[in-house]
Amino acid sequence: MGALMTLDLPADSPLLGLPWIITFGPLGDLDEWEPVVCGPYERPHALALAEAVVAEEQLMAVVEPLLPALSPDEIRSEIAAAQVAAEDEARQVEGADLYGDFEDVIDEELDAAADEAGHGEPAEPPDEAEVRAGWTRIAALLTAK
């Protein structure tokens, strides 16, 4: 069994409506090969496909949004926002009490994640027709921007 990583987003996040990609790579340091990037997919399809692959393989899958940027300025803006977010997170980590209420927080987060994920049951991966229909919706989304 491998590992699946993705962003933990609120239900109203605009990122949820973007196209998503999956990057598959080695789970450990012993394997060395170039990562394989697949997509774009709609988020539920990306998660289900990644989950199906890592359930049977010792791989790491990272599911992340594909940000359709039309200019270098848009790309710079996204980079700046990511850097600010990382700095904010680093400040929060530095200011956190190392032995604070970790247990209380982690229990709540695990319960919420289990509720959101359907109580730990794996999602059925989409079939080819569903993926193609998703691509049609993604193409419409990207061309409308």
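About the criteria used
- Residues numbered from 1 in each chain as written.
- Predicted model: local features only at pLDDT ≥ 70, side-chain atom pairs only at ≥ 80, totals over all residues.
- Heavy atoms only, no water.
- Helix = DSSP H or I, 4+ residues; strand = E, 2+ residues; numbered from the N terminus.
- Contact = heavy atoms within 4.5 Å.
- Areas by Shrake-Rupley, 256 points an atom, 1.4 Å probe, with all protein chains shown as cover.
- Buried < 20%, exposed > 50% of the residue type's maximum accessible area, 1.4 Å probe, protein only.
- Polar contact = N/O pair within 3.5 Å; in protein donor to acceptor, adjacent residues only side chain to side chain.
- Pairing = 2+ DSSP bridges.
- Axes fitted to C-alpha atoms, helices over the stretch in contact; angles between N-to-C directions.
- Expected span 1.5 Å × (residues − 1).
- Arc of directions from axis to C-beta.

A. Broad picture of the overall build of the protein chain. A tally of helices and strands in the protein chain yields four helices and four strands. Helices (α) and strands (β) of the protein chain occur, in sequence order from the N terminus, as β-β-β-α-β-α-α-α. Counted over contacts in the protein chain with a minimum sequence separation of 6, partners at least 24 positions apart contribute 70%. With the model as given, the accessible surface of the protein chain reaches about 10600 Å², and the carbon-plus-sulfur share is 58%.

B. Layout of the side chain of Ser13. Structurally, the position occupied by Ser13 is in the loop between β1 (3-6) and β2 (20-26). A relative accessible area of 12% means that Ser13 is categorised as buried. There is a polar contact of 3.2 Å between the side chain of Ser13 and the backbone nitrogen of Leu15.

C. Quick look at the sheet that holds strand β3 (residues 36-41). The sheet built from four strands is open, its strands ordered β1-β4-β2-β3 with mixed pairing. Each edge of the sheet is formed by a strand with only one pairing partner; in this case those strands are β1 and β3. Across the sheet, the axes of successive neighbouring strands diverge by a mean angle of 20°, strand direction being ignored. As defined by bridge partners, β2 adjoins strand β4 (residues 59-65) across seven bridges and the pair is classed as antiparallel. Each residue of the ladder has a partner; that of Ile21, found in β4, is Glu64.

D. Quick peek at helix α4 (residues 128-144). Its 17 residues place the ends of α4 24 Å apart at the C-alpha level, agreeing with the 24 Å of an ideal helix rising 1.5 Å per residue. Val131, Gly134 and Ile138 are the residues of α4 that are buried. Down the axis of α4, the buried set is contained in an arc of 60°. They therefore lie on one face. Exposed residues lying more than 90 degrees from the buried face of α4 are Ala129, Thr136, Thr143 and Ala144. For α4, the secondary structure elements touched by its buried residues are β3 and α1 (43-56). Sitting at the amino-terminal end of α4 is Asp127, which places a side-chain oxygen 3.2 Å from the backbone nitrogen of Ala129.

Purely spatial values, then, with no claim about function.
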